[in-house]
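Spelled out from the first residue to the last, the chains are:
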Amino acid sequence: MPLVSMSKRSRLPENIAAMDISFSAGEMKLLNDTFAAGAILGSTYLQRQ
């Protein structure tokens, strides 16, 4: 997954290292269940009028 909005060039190495993170099947299930479509309700700061 790409990382966006990096504020400082000095953060690039840690952002690149994040691509090497791997999750177990159980962790993926937890993430998919927690962040499934409709699981989080409410507006975000990204919504514009």
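It should be noted that the structure appears before, not after, this text.
Bear in mind that the values here come from a model prediction, so they are computed numbers and not experimental data. (Residues numbered from 1 in each chain as written. Predicted model: local features only at pLDDT ≥ 70, side-chain atom pairs only at ≥ 80, totals over all residues. Heavy atoms only, no water.)

**Regarding the overall build of the chain**
And step 1. For the chain, the helix and strand inventory stands at two helices and zero strands.
And step 2. As displayed, the chain has an accessible area near 5100 Å², and 60% of this comes from carbon and sulfur atoms. (Helix = DSSP H or I, 4+ residues; strand = E, 2+ residues; numbered from the N terminus. Areas by Shrake-Rupley, 256 points an atom, 1.4 Å probe, with all protein chains shown as cover.)

**Digging into a nonpolar patch on the surface**
And step 1. A contiguous nonpolar surface patch, about 600 Å² in accessible area, is contributed by Ile21, Phe23, Met28, Leu31, Phe35 and Ile40.
And step 2. Looking at the secondary structure, you find Leu31 in helix H2 (residues 25–34).
And step 3. Here Leu31 falls in the partly exposed class, since its relative accessible area comes to 31%. (Patch = residues over 30% accessible without salt bridge, like charges linked within 9 Å, V, L, I, M, F, W, Y side chains within 5 Å. Salt bridge = Lys/Arg side-chain N within 4 Å of Asp/Glu carboxyl O. Buried < 20%, exposed > 50% of the residue type's maximum accessible area, 1.4 Å probe, protein only.)

**Overview of the environment of Thr34**
And step 1. By secondary structure assignment, the location of Thr34 is in helix H2.
And step 2. A relative accessible area of 36% means that Thr34 is categorised as partly exposed.
And step 3. One polar contact links the side chain of Thr34 to the main-chain carbonyl oxygen of Leu30, over a distance of 2.7 Å. (Polar contact = N/O pair within 3.5 Å; in protein donor to acceptor, adjacent residues only side chain to side chain.)

**Comments concerning the pattern of salt bridges**
And step 1. Within the structure shown, the criterion is met by two salt bridges.
And step 2. A salt bridge links Glu14 to Arg11; its shortest N-O distance comes to 2.5 Å.
And step 3. For Arg11, a relative accessible area of 40% corresponds to the partly exposed category.
And step 4. The closest approach of N and O atoms between Asp33 and Lys29, which form a salt bridge, is 2.6 Å. Residue Asp33 and its partner Lys29 are located together in helix H2, separated by four residues, close to a single helical turn.

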